[in-house]
Structures are given as C-alpha cells and as structure tokens.
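Notes for the structure review
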Amino acid sequence: MSNKRGNLMAQIERDLIDEKPLDTLLRKLILLGGNAGSAELRDWASLELRGYEKQDELPSYRSVHAPLQIDGSVPGGIIRHQTIGALDIPDFARDEIKEVVPLRMGVREIRGMVDQQRGDRVVKLLPPGAPDLVSYMNMTGDLNGHITDLYWSVSTVALEGVLDQIRTRLAELIAELRSSTPAGQSLPTPAQAANAVSFVINGRGNRVHIAQAAEGGTVTIPREDATRPFWTRAKVIGAALVGLATIMGTGIALLQYVA
C-alpha cells in the first residue's frame, strides 16, 4: 500500500507526459494530498474540479478578456453579436460587469464548452444578473432598439488557454514537490506540500532546494524569492550617488582643463 502511495507522484508525472485528461490528473492530486496529509493540495485540486464559489478567491489565470455583446432588434432589422462598451452598462453594474470574465466553473465544464462550440469558436457567457439588467436597459431606452440578450463573447482559444494554464501549474507543482522531497522519502511532508502550493499557485513563499548534508542526511535551504527585484532601493540610491559623483568629478576636471 505504501508503495502505491509513493507512486502517485510518478503516476501524475507519466499522465502529464501522456496528455491524460486534466480532471483525471486533478483527482490523483487529491489522493496525493490525502496521503501526504496536505489540505492545500486537496483544496486546490478540488476547487479546479468543482469550480470556485463566489466567496472563493479566484486565481489570476482564471480571468480572461472578452467583449460585451448584445443580441436584439433595431428599427429595420435584427442585430447579433453587437459589441458594446463598458460605459453602455448602467453605472450601478459597472463594478461587476467589465470586459474581464471570471471563470468560476470546473475544468470539466470549461472543456465541455470548448468542445461544444468548437465550430463557432465563441462561447456566450452571461454576466451576473443579465436578464434583470436587460430589462432595465430596455426600460430606460438608452440604446436604440430592443435587447434580447447580453453576454460575454468568449473565444474558445481563451478557454483553451485557461485549461493549459491549469495543466502547466499542475506540472510545476509536481516538479516543485519532487525537488523538495529528499531521496528515499516517498511522499512530501505537509509543510513541503503547503510551501509548493503557496509558491506555484499563489505566487507566495520561497522555492526550496534539497542539498545533501555531510552525514548523508538532507537539509532544506530556502532559495531567494524569485520575485525580489535585482535593483533594490539601496542599490538604486547607491548607483545614483556614484553616478552623481562621477559627473561632478568630470565637471571639475573640465573646469581645471579650461582654466
């Protein structure tokens, strides 16, 4: 049983290389999180599978840009896929309805939308409260005509990109777990798993590096945060002072030469 548990990371690695379905990979990650005692692994995989609720923090890779469009009728004809601007939306709804679409559904649903609309290459997604908003806009008559539908027109390419982002983060997560798990240790510790999720998924924390100790054991050394800027404020100020001193020295030398 312990050997099977230890092989879960290897299974996920093979499945990633073999391009197995994303939902299958995420379910195995839930099992890996259970065996490793990591709530962080289980929670991230479960959210990607089940979808993110309104109260859940949505990762940045799950937001895509898409135009707001309407269907309806105008004097003399019918309109389809008419793009409108954010300012055409009533002001009380602009904070919620922008040209950025939050994708809270599970990965299986996203894949289903892509497969269903592969011919059209566009998926219609309704903003929150769209029917009531359409009724209000028709009542005020701000737009010339009658609106029947208001929606985001999301490219299937953008949806494919989100699925690819999730798969890539899963690969990075497994690579991080592999690199932080010492040789001979079949599963990452809860702390190692939590650090990997924080670093790869949330962009926080430090990448860890496993080095061999003198007695044959292992030590975990946190690497410098990759997001730390090369030019710190102290270095910038120091460089500016050196540059100013150089300019002043050159000016004095020129004055002496002229004199």
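This report concerns the structure included in the present document. The structure displayed is predicted, hence computed values, not measured ones. (Residues numbered from 1 in each chain as written. Predicted model: local features only at pLDDT ≥ 70, side-chain atom pairs only at ≥ 80, totals over all residues. Heavy atoms only, no water.)

1. Topic: the sheet that holds strand 6 (residues 146-155)
Keep this limit in mind: Two strands pair under a simple rule: DSSP has to find at least two bridges between them. Only runs of H or I of at least four residues qualify as helices and only runs of E of at least two qualify as strands under DSSP, and these elements are numbered from the N terminus. Interaxial angles span 0 to 180 degrees and are taken between N-to-C directions of axes, which are lines fitted to C-alpha atoms, for helices over the stretch in contact. We call two residues contacting when some pair of their heavy atoms lies within 4.5 Å.
Here four strands make up an open sheet; going across it, the order is 3-2-6-5 and the pairing antiparallel. This sheet does not close on itself; its edge strands, each paired only once, are strand 3 (77-84) and strand 5 (122-125). If you compare each strand with its neighbour and ignore which way they point, the axes differ by 35° on average. Where strand 5 and strand 6 come together, four bridges link them in antiparallel fashion. Within strand 6, the position partnered with Leu 125 by the bridge is Trp 152. Sheet strands touched by helix 7 (residues 156-180): strand 5 and strand 6. Its angle to strand 6, the strand with the most contacts, is close to 45°.

2. Looking at the pairing of strand 6
For strand 2 (residues 68-74) and strand 6, the ladder comprises six bridges, and the chain directions are antiparallel. Looking at strand 6, one finds that Gln 69 is bridged to Tyr 151.

3. Here's the deal with unusual backbone geometry
Residue Glu 19 is not a glycine yet carries a positive backbone phi of 60°. By the secondary structure assignment, Glu 19 is in the loop between helix 2 (8-17) and helix 3 (22-36). With phi around 65°, Arg 121 is a residue other than glycine that occupies positive phi space. Topologically, Arg 121 is positioned in the loop between helix 5 (107-116) and strand 5.

4. Brief notes about the packing of aromatic side chains
Counted only if it meets this: Under the pairing criterion, centres of Phe, Tyr and Trp rings, with the six-membered ring standing for Trp, must be within 6.5 Å; the plane angle then separates stacked pairs below 30 degrees from edge-to-face pairs above 60, leaving the rest tilted. Only protein chains enter the accessibility calculation, which uses a 1.4 Å probe; a residue is then buried when its area is under 20% of its type maximum, exposed when over 50%, and partly exposed in between.
Applying the stated criterion to the full structure yields one aromatic pair. Taken together, a centroid distance of 5.1 Å and an interplanar angle of 85° make the contact between Phe 92 and Tyr 136 edge-to-face. Of this pair, Phe 92 sits in the loop between strand 3 and strand 4 (100-102) while Tyr 136 sits in helix 6 (residues 130-140), placing them 44 residues apart in sequence. For Phe 92, a relative accessible area of 54% corresponds to the exposed category. Classification of Tyr 136 by relative accessible area gives partly exposed; the value is 33%.

In short, geometric facts, not functional conclusions.
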